[in-house]
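Residue strings, one per chain:
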Amino acid sequence: MNLAIKDIRHGLFRFVLTCFGLGLLMTVVLAMIGIYNGLVADALAVVKAPAADVWVIEAGTQGPFAEASSIPADTRDAVARMPGVAEAGAITYQTMEATHAGRTLRLYVIGFEPGRPGGPQRIAEGRGLGTSHFELMADRKTGLVPGDTIRLGRDRFTVVGLVEDAMNSGGDPAVYVTLADAMALQTALDPAAARVQSARGDGGLRPPTVAAVIARLEPGAGVALLTATVRQWKHLSALSQVEQEQLLLASVVDRARRQIGLFLSILLTVSAVVIALIIYTMTMEKLKQIATLKLIGAPDRTIVGLIVQQALILGISGLGIGLVLILLVKDNFPRRVVLEPFNALVLTGIILVVCLAASGLGVRAALKVDPATALGG
Amino acid sequence: MTPDDILVDVKGVAKHYGTGETRVDALRSVDLRVHAGEVIALLGPSGSGKTTLLNVIGCILAPTAGRVELDGDAVFDGKWLRSDLRRLRLDKIGFIFQAHNLLPFLTAEENVSVVLDLAGWPATQGRARARELLDYLEVGHRAKVKPALLSGGEAQRVAIARALANRPRIILADEPTAALDSGRAQLVMDLLRKLATEQKACIIAVTHDEKIFDRFDRLIHLRDGRLVEA
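Computed from a prediction, not measured in an experiment: that's the story for all the values here.

A.B. asks: For this particular structure, what's the right way to read the overall build of chain B?
C.D. replies: Counting secondary structure elements, chain B contains 6 helices and 10 strands. Taking 17 Å as the expected radius of gyration for a compact globule of 230 residues, we find that chain B reaches 18 Å, a close match to that expectation. Residues counted as buried form 55% of the 230 residues belonging to chain B. In chain B, the share of contacts with a sequence separation of at least 24, taken over all contacts with a separation of at least 6, comes to 70%. Of the roughly 9,500 Å² that chain B leaves accessible, carbon and sulfur atoms contribute 49%. With 32 positive and 31 negative side-chain charges, chain B shows a separation of 3 Å between the mean positions of the two kinds.

Given below as structure tokens:
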């Protein structure tokens, strides 16, 4: 006879309500884990999108994501000719605000050369850029659809395709435009400002620059050798893809990641305390029944089993409800919520440990109950 | 009566709490023998030591001194002689409580069979034994009902069935009729008498219920921890 199940069935509504409350708490915990993962995934998505092996950047800088990098646009030709390089492409990044359908969009504009590395890996809907100017591919989270037009700078661009999960570390969705358009957006001045600059003798004849040049290597070519070669040019530096990713995580999202990680730790601690209190209260309410069980001869293992089984059922049910809820609502979060099966497994392990530890309080109270308590009404 | 008929043999049992000026003697050198088939009452004012004596016989409370034998087994002689007191209670002692103390999450049948489950009976045999007892006590028709829906008399009979489930020979009852009206109290006493006779068990009941005093073989008075047999 399983006393734990019998007791749960006796007070099923209350138990389900408790599980639901715990489930809501688990939803928050899972949401924080998902946001934490999403922050990292978002930050890395834009770095991983070009599928590059080497990033050539301005010397003395940390690359286009950690700080500003500006190198001559013709660096791409020099890199492309280096031994071991299969293909190379110039790329620019900038953040812009634009208005569409009455709302302001904050966009991460990526300029790349169609046909060269730097564009999105997959187009989810529509097509790639087909002309040299005034077309763009947008991340779905912009809310734009193929056929929409949007004004960027002084020009109106047409949305021709949609991509997914392309955004910067701040969560701003990306739009891809041609390198030529991106450079124009970076340098073109408002007419009045251009006139002032011209009057001051600045003819605007600076050589065109890009943020970085990315290179894909031929099979067997060494990344280390290429980066070392590039660094021989005093005005350039080079990072491998792994270095670029580590740099981004360490310098750009590290503080936010630690903040969310700390908040997650607090949430887990709160969850542990809540679970412990629930289990302790459930046990205290049953002390007279436990005393009766002891009096009629129930061994300690029966009483421990009653408490521990209920604690585990409570924890696992709460986690299950939390998982279902977060899977239902995760797409409605403003930022990406990424949950991996590994996260659910780790959280399950943590909850099991918490439940076992929390039931220890209840077990301690139950084992201390004097069976004589059952006598005397 | 033969020595084999002695189910409870308490010799020189004392129990005190505290020391020095705060010392309270709950029991002072109590001797008590109860034979198979006997139904005895422990009487006395509040604080006289009735419940303490019941707890000592029920192996719930260790006396300070003395010797206790239950059903021929020495269980206490200055110290507990057995480490598995709960198993001892399960096998030899049945408890009937004033407030029934039925487990609210089990049906009447399960409240009885849980004892057999703990004793290691197979589930089907345990259920059959529980039904047999409930039928015997005329509450078989309420077997699938939870305690909250039982009347006071029905709940008390289920509690008695639970006390008898594992065929103990010593039944300890704490105010078994306190929650019952006069008619039902007489019925319960008839039932306990019948069980004592048929199962060669002894019943030791703590009671204040004067209406049922005439239903006991012996009335044992306790006063200031001393035993005064009437």
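Read on, since the account is not over.
A.B. asks: It is not clear to me how the interface of chain B and chain A should be interpreted in this structure. Could you clarify?
C.D. replies: In many analyses, interface size is given as the accessible surface area lost on bringing the parts together. Each partner contributes to the interface: chain B provides 23 residues, whereas chain A provides 25 residues. Buried surface at the junction of chain B and chain A, both sides included, amounts to about 2,300 Å², of which 66% is carbon and sulfur. Of all residues in chain B, the largest losses of buried area upon contact with chain A belong to Arg86, Phe105 and Leu118 of chain B, amounting jointly to 30% of the total for that side. Our enumeration of links across chain B and chain A arrives at 2 salt bridges. Lys6 of chain A serves as the salt-bridge partner of Glu110 of chain B, at 2.4 Å between the closest nitrogen and oxygen. Counting across the interface, chain B meets chain A through 8 residue pairs in polar contact (both at pLDDT 80 or more).

A.B. asks: Can you help me understand the pattern of salt bridges in this one?
C.D. replies: Oppositely charged side chains can form a pair if their charged atoms are brought close together. Taken as a whole and assessed by the stated rule, the structure comprises 38 salt bridges over all chains. Between Glu97 of chain A and Arg106 of chain A there is a salt bridge; the shortest N-O distance is 3.6 Å. Overall, Glu97 of chain A belongs to the exposed group, its relative accessible area being 55%. Residues joined in a network through salt bridges with shared partners are Asp71, Asp73, Arg82, Asp84, Lys92 and Arg169 of chain B.

Cut-off values and rules
Residues numbered from 1 in each chain as written. Chains lettered and ligands numbered in written order. Predicted model: local features only at pLDDT ≥ 70, side-chain atom pairs only at ≥ 80, totals over all residues. Heavy atoms only, no water. Helix = DSSP H or I, 4+ residues; strand = E, 2+ residues; numbered from the N terminus. Rg over C-alpha atoms; globule rule 2.2 N^0.38 Å. Buried < 20%, exposed > 50% of the residue type's maximum accessible area, 1.4 Å probe, protein only. Contact = heavy atoms within 4.5 Å. Areas by Shrake-Rupley, 256 points an atom, 1.4 Å probe, with all protein chains shown as cover. Lys, Arg positive; Asp, Glu negative; His and termini not counted. Charge placed at Lys NZ, Arg CZ, Asp CG, Glu CD. Buried area = accessible area lost by both parts, 1.4 Å probe. Salt bridge = Lys/Arg side-chain N within 4 Å of Asp/Glu carboxyl O. Polar contact = N/O pair within 3.5 Å; in protein donor to acceptor, adjacent residues only side chain to side chain.

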